[in-house]
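Reading the structure
Here's the letter readout for the chains.
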Amino acid sequence: MAQETDLQTALSEHPCFNEEAHRKFARMHLPVAPSCNIQCNYCDRRFDCCNESRPGVTSEVLSPEEAVEKVRAVKEKIPELRVIGIAGPGDPMANVSTFETLKRIRDEFPELTLCVSTNGLALPENAERLHGLGVRFVTVTMNGIDPSVCAKVYRHVLFEGRRLSGEEGAAALIGKQLEGIRACVELGMVVKVNVVMIPGINDTHIPDLVKKAKELGVYTVNILPLIPVKGTPFENLRSPTPLERRDLMDRCSLDARIMRHCRQCRADAIGLLGEDRSQEFARFGGCSGGCGPEVKTIMPTSKDPNKFAVASSDGENADSGFGNAARFLIFDADGRLLGDVPVDRGEGVSGESHRRHIESVASSLGDCGNVIVNEIGPLPSKVLKNIGVNVIIDEGPAEECVLRASKRRGVRPS
Ligand code: CLF
Ligand code: SF4
């Protein structure tokens, strides 16, 4: 009974789940989850600028220790803080830092409500763990329940160590999303479904998704407009007009409770929904556009010796240096692909902007204990050494490089 009352109080003060609450109570996002296990065609997490406000964008990636330190500082300045959310910049479930951070926050700030936003791929196996850590609010971003529709939205889905695309990938993702929602609802968690409205792709299909969400016991559905981002496959698609979106929301509101006050906030947003104060609290304000404060030395965080980040240009091979990689593929010691961290290619090989770039890339690799590159300069070598990351020089198919390295390092039996 007491638990039920606690949940009702948390619901009444959650700015996203309760429209009344959003003018009074604040949320804070902790950007501790850089890696993602799928690739949406509208997402580019490389654009890291304090002037950019949309999901997936952050000016910094924090270690769990840094995240707790930041909550202490923010809580003092923003007494109306009620909710701590983990919403990226990648997928929270694809990063062990998420769980470590939730545990630390729950232990130190049991009065704060914990909220997680995920693409749902790894939700079924993590639902109980989240519940055990005190998470009561979960958002799952879905873009449909029909694989033929969703195949147009996702470039790939990393499923059981394989990279699936097309309808096969979409079907695997949808299956896990539905299973994850069911598990969370059964555990008594409050679930929201976010859906990105993409004209010509999924707009006419959204009512079916909303009906399904309602049937599964989802508390509310949030229909967000597509933000076409330059450099993504959807860069030339258009956003829905406000009228188109309102019409769709009105139609869907006959079937489910529709959220109408979302601000599509950043992965490091802080404050009331309408006023982001994240730059006020930026620790190393790593805006690569140069509009943030100076980057400070990144804090070492605990590293996992069984995780490998492979510098790649094509998403398949270890073929890049640390400073000029387009992305890092994240593997476990058995060569299973766990996620993917796209990064900005650096400009220049020296100077302040180069140092900032290197530090920002190093921090975005989270808890990876090993980096595989085909070459590396003295500055990145030093930065990685200082934060306890082992550097391996190799090239070729990424998975083979990881298996070679893990065998050599003795983290995997031969
Ligand atoms: Fe953050 Fe999301 Fe929790 Fe809110 S945001 S994890 S549910 S605390 Fe809110 Fe931001 Fe819209 Fe998300 S306004 S993007 S719905
Ligand atoms: Fe980007 Fe989120 Fe999609 Fe991952 S799930 S690709 S972080 S939008």
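Residues numbered from 1 in each chain as written. Chains lettered and ligands numbered in written order. Predicted model: local features only at pLDDT ≥ 70, side-chain atom pairs only at ≥ 80, totals over all residues. Heavy atoms only, no water.

Before going further, it helps to spend a moment on the pairing of strand β15 (residues 337-342). Buried residues dominate β15, accounting for 5 of its 6 residues. Two strands pair when backbone bridges link them, and strand β14 (residues 327-332) and β15 are joined in this way by 5 bridges, in the antiparallel orientation. Considered in β15, the bridge of phenylalanine 331 is made with leucine 337. Joining the antiparallel neighbours β14 and β15 is a turn of 4 residues, in which glycine 335 adopts a positive phi near 80°. (Buried < 20%, exposed > 50% of the residue type's maximum accessible area, 1.4 Å probe, protein only. Helix = DSSP H or I, 4+ residues; strand = E, 2+ residues; numbered from the N terminus. Pairing = 2+ DSSP bridges.)

Under the counting rule described, the total for this entry stands at 16 salt bridges. Note that glutamate 100 is salt-bridged to arginine 104, the shortest N-O span being 2.7 Å. Placement of the pair is glutamate 100 and arginine 104 together in helix α3 (residues 96-108), with a separation of 4 residues, close to one helical turn. On the basis of relative accessible area, glutamate 100 is assigned to the partly exposed category, the value being 32%. Taking the relative accessible area as the measure of exposure, arginine 104 reaches 33% and is therefore partly exposed. Taken together, the shared-partner salt bridges connect Glu65, Glu100 and Arg104 into one network. (Salt bridge = Lys/Arg side-chain N within 4 Å of Asp/Glu carboxyl O.)

Before going further, it helps to examine the packing of aromatic side chains. Tallying each qualifying case throughout the model produces 3 aromatic pairs. Between phenylalanine 17 and phenylalanine 137, the aromatic rings sit 5.0 Å apart at their centres with planes inclined by 65°, giving edge-to-face as the arrangement. Taken together, the positions of phenylalanine 17 in the loop between α1 (2-12) and β1 (26-29) and phenylalanine 137 in strand β5 (residues 135-141) put the pair 120 residues apart, joining distant regions of the chain. Assigned by exposure class, phenylalanine 17 and phenylalanine 137 land together as buried. Their ring planes at 55° and their centres at 5.4 Å tell us that phenylalanine 322 and phenylalanine 328 sit as a pair that is tilted. Both residues of the pair, phenylalanine 322 and phenylalanine 328, belong to the buried class. Each residue in the set Phe17, Phe137 and Tyr219 is aromatic and connected to the rest through ring pairs, giving one cluster. Above the ring of phenylalanine 99, the side-chain terminus of arginine 129 is found at 3.9 Å from the ring centroid. A cation sits over an aromatic face here: arginine 257 above tyrosine 219, 3.9 Å from the ring centre. (Phe/Tyr/Trp six-rings, centres within 6.5 Å; stacked < 30°, edge-to-face > 60°. Lys NZ or Arg CZ within 6 Å of the ring centre and 35° of its normal.)

Looking at the secondary structure, you find phenylalanine 234 in the loop between β9 (220-225) and α8 (242-252). Remark: the alpha-carbon pair of phenylalanine 234 and asparagine 41, spanning 193 residues in sequence, is separated by 5.9 Å. The contacts of phenylalanine 234, once residues within four sequence positions are left out, are Asn41, Tyr42, Lys152, Val153, Ile198, Ile201, Leu226 and Pro228. (Contact = heavy atoms within 4.5 Å.)

Take α8 next. Along α8, the positions that sit buried rather than exposed are Arg245, Leu248, Met249 and Cys252. Angular distribution of buried residues about the axis of α8 spans 100°; they occupy a single face of the element. The secondary structure elements touched by the buried residues of α8 are β8 (190-197), α7 (206-215), β9 and β10 (258-259). (Arc of directions from axis to C-beta.)

Here we take up the nonpolar core. Formed by 74 residues in total, the largest nonpolar core has its most connected members in Leu30, Ile84, Leu130, Val221 and Ile223. With 7 residues, the single largest contributor to this core is helix α6 (residues 166-186). Apart from the residues lying within four places of it in its own chain, the contact partners of isoleucine 223 are Val195, Met197, Ile206, Arg245, Leu248, Met249 and Cys252. Ranked by size, the runner-up nonpolar core spans 19 residues in total, among them Ala311, Ala325, Phe328 and Ile358. (Core = buried A, V, L, I, M, F, W, Y, C linked by side-chain atoms within 4.5 Å.)

Moving on, we come to helix α10 (residues 378-386). When α10 is considered as a whole, its buried residues turn out to be Pro380, Val383 and Leu384. Taken end-on, α10 shows its buried residues confined to a sector of 95°, consistent with a single buried face. For α10, exposure combined with an orientation more than 90 degrees from the buried face picks out Pro378, Lys382, Lys385 and Asn386. Residues of α10 that are buried make contact with α9 (351-364), β16 (368-373) and β17 (390-393).

Another aspect to go through is the packing of α9 against α10. For any two helices packed against each other, one specifies the crossing angle of their axes together with the interaxial distance. Where α9 meets α10, the axes come as close as 10 Å, and the angle between the chain directions of the two elements is 40°. Put simply, α9 runs oblique to α10. Crossing angle aside, the handedness with which α9 passes α10 is right-handed. Contacts between α9 and α10 involve His354, Arg355, Ile358, Glu359 and Ala362 from the former and Leu379, Pro380, Val383 and Leu384 from the latter. Residue classes in the contact of α9 with α10 are distributed as 6 nonpolar, 1 polar and 2 charged. (Axes fitted to C-alpha atoms, helices over the stretch in contact; angles between N-to-C directions. Parallel < 35°, antiparallel > 145°, perpendicular 65-115°, else oblique. Left-handed = near helix turned anticlockwise from the far one by under 90°. Nonpolar A, V, L, I, M, F, W, Y, C, P; charged D, E, K, R; others polar.)

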